[in-house]
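Here are the chains, one letter per residue:
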Amino acid sequence: MKYLSKPLFVAAVAGLLSLPAVASPIAEIETRSAVPVLPAGLVDAWWVDGSEGLDISGLSFCDGELLAVADKVSESIFRLAPESGRNAVALETKADFARPPLPDDQPVLLKARIMHHVSVPLSMDFEGITCDEAGIYLLSERHNRISLLNQDERRGEWLPVRWSEAAKARGFLQQFNGESEGLAKAGDDFWVALERDPRGLLKLSAGDKVGWDFRAIPAVDGLDFRGRSEDIAGLAVYDGALFTLERNAFAVCRRNFDNLKAQWCIHYRGIEEGPAYVYRETSFGKGEGLAVSAQGIFVVLDNNGAGRVAAPEDSRGLLLHLAFPELPMEKR
């Protein structure tokens, strides 16, 4: 070893002290707030009788009932009453209603106009459902609008808030059929999921008529989208948090309302693509609807008419009941 003279040693130490600190990988892991990403625990699963060809697309708990919409049905909402110990649940009609007309206060794309007049089932493309004391709200991806069900007159009515123009000006809603995809109500606010390329969230506060509060969704290191679009397909509100269904990562995350950072996530790819449930087409994840209650996390798969590998003629949708993750108290 070659020793330095005292003046040189002092200069060398001073130089080292002036360099920026570089954290070791271990120190970085210890100081970074890692998000737990855990395998989902399957509580139950049910094939949805009567869902063939309808493509269930949204879920929500309303007054204790699990309600659903389908993107190929524009004039009905449905009810699911799954029971433990059974392997199927009936898709029952909760209410029929007259669909809302074409919006007359915003531009309507030619494709949407054609679908409205040519195909009633495809005219609204309902992708989300939520509720409060005023009633039941449906999200139309076709028009990027919210419809309130007038249950006395059995018809849908558009809320005045519209966000297509504002969202497109900010770079969202660039893909036809990849637009507004999930809806949840939290207090006076609506949250809307903007599906993909890019994905995002829109917070609609009371009195907002055009949409201005657009949010990026903070990434989670442990989620794997496997080269597919980073997307968001469903929303739910429970226990003071916003839950996001991140379909192509086969994940559900619990997020903080203020900054949307994930507190934890569960991933269920091993369930959706396991031998008992996997569909014959697996190009993309199939999670579409999300509902959360004290009983756990419910995800419905939109199989887009595909049969499953174990029974190719069976094209029913699938409802999964997933458990909350077991976490240390400080992570809950």
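Across its full length, the protein chain holds five helices and 22 strands. Buried positions account for 52% of the 332 residues belonging to the protein chain. Long-range contacts, defined here as pairs at least 24 residues apart, represent 55% of the contacts in the protein chain between residues at least 6 apart. Summed over its atoms, the accessible surface of the protein chain is roughly 16000 Å², and 53% of this surface lies on carbon and sulfur atoms.

Once that is clear, we can look at the environment of Ile297. Tracing the backbone shows Ile297 in strand β21 (residues 296-301). Taking the C-alpha atoms as reference points, Ile297 and Leu322, separated by 25 residues in sequence, lie 5.0 Å from one another. Discounting residues that sit within four places of it in the chain, Ile297 has contacts with Val252, Trp264, Ile266, Leu290, Ala291, Val292, Leu320, His321, Leu322, Ala323 and Phe324.

One finds Val252, Tyr268, Leu290, Ile297, Val299 and Leu322 to be the most contacted residues of the largest nonpolar core, which totals 25 residues. Counting residues per element, the ones that place at least two in this core are β2 (42-49), β17 (241-246), β19 (262-267), β20 (287-293), β21 and β22 (317-322). Once residues lying within four places of it in the same chain are set aside, the contact partners of Leu322 are Ala40, Gly41, Leu42, Val43, Ile266, Tyr268, Ile271, Gly296, Ile297 and Val299. In this structure, Tyr137, Leu139, Ile146 and Leu183 belong to the second largest nonpolar core, which totals 18 residues.

Taken together, the four strands give an open sheet; going across it, the order is β3-β4-β5-β7, and neighbouring strands pair in antiparallel fashion. Taken across any chain shown, the strands that pair with only one partner, and hence form the sheet edges, are β3 (56-62) and β7 (92-96). If you compare each strand with its neighbour and ignore which way they point, the axes differ by 35 degrees on average. Where β3 lies against strand β4 (residues 65-70), six bridges are found, and the strand directions are antiparallel. The residue of β4 that forms the bridge with Phe61 is Leu66.

Regular strands place side chains that alternate from one sheet face to the opposite one. Most of strand β9 (residues 135-140) sits inside the fold, with six of its six residues counted as buried. Where strand β8 (residues 126-132) meets β9, six bridges bridge the pair, whose relative direction is antiparallel. Note that in β9 the partner of Thr130 across the bridge is Tyr137. Once β8 ends, the chain turns through two residues before running back antiparallel as β9. The pairing of β9 with strand β10 (residues 145-150) spans four bridges and is classified as antiparallel. Directly across from Tyr137, in β10, lies its bridge partner Leu148. Counted along the chain from β9 to the antiparallel partner β10, the turn is four residues long, and its residue Asn144 has a positive phi close to 50 degrees.

Mapped onto the elements of the fold, Pro121 is located in the loop between α3 (110-118) and β8. Sequence separation between Pro121 and Asp71 is 50 residues; the distance between their C-alpha atoms is 7.9 Å. Apart from residues no more than four positions distant in its own chain, Pro121 is found in contact with Asp71, Lys72, Val73 and Ser74.

Our next topic: the sheet that holds β21. Strand order across the open sheet formed by five strands is β6-β2-β22-β21-β20, with mixed pairing between neighbours. If you trace the sheet from one side to the other, it starts and ends with β6 (88-90) and β20, each paired once. When strand polarity is set aside, the average angle formed by the axes of neighbouring strands in this sheet is 25 degrees. In the sheet, β21 pairs with β22 via five bridges, with the strands oriented antiparallel. Paired with Leu301 across the two strands is Leu318, which belongs to β22.

Before going further, it helps to spend a moment on the packing of aromatic side chains. A full pass over the atoms with the stated rule returns eleven aromatic pairs. Seen in terms of ring centroids, Phe97 and Phe126 are 6.4 Å apart; in terms of plane orientation they differ by 55 degrees. Their pairing is tilted. With a gap of 29 residues between them, Phe97 in the loop between β7 and α3 and Phe126 in strand β8 connect regions that are remote in the sequence. The side chain of Lys111 reaches across the aromatic face of Phe176, ending 4.6 Å from its centre. A cation sits over an aromatic face here: Lys185 above Phe190, 5.1 Å from the ring centre.

Parameters at a glance
- Residues numbered from 1 in each chain as written.
- Predicted model: local features only at pLDDT ≥ 70, side-chain atom pairs only at ≥ 80, totals over all residues.
- Heavy atoms only, no water.
- Helix = DSSP H or I, 4+ residues; strand = E, 2+ residues; numbered from the N terminus.
- Buried < 20%, exposed > 50% of the residue type's maximum accessible area, 1.4 Å probe, protein only.
- Contact = heavy atoms within 4.5 Å.
- Areas by Shrake-Rupley, 256 points an atom, 1.4 Å probe, with all protein chains shown as cover.
- Core = buried A, V, L, I, M, F, W, Y, C linked by side-chain atoms within 4.5 Å.
- Pairing = 2+ DSSP bridges.
- Axes fitted to C-alpha atoms, helices over the stretch in contact; angles between N-to-C directions.
- Phe/Tyr/Trp six-rings, centres within 6.5 Å; stacked < 30°, edge-to-face > 60°.
- Lys NZ or Arg CZ within 6 Å of the ring centre and 35° of its normal.

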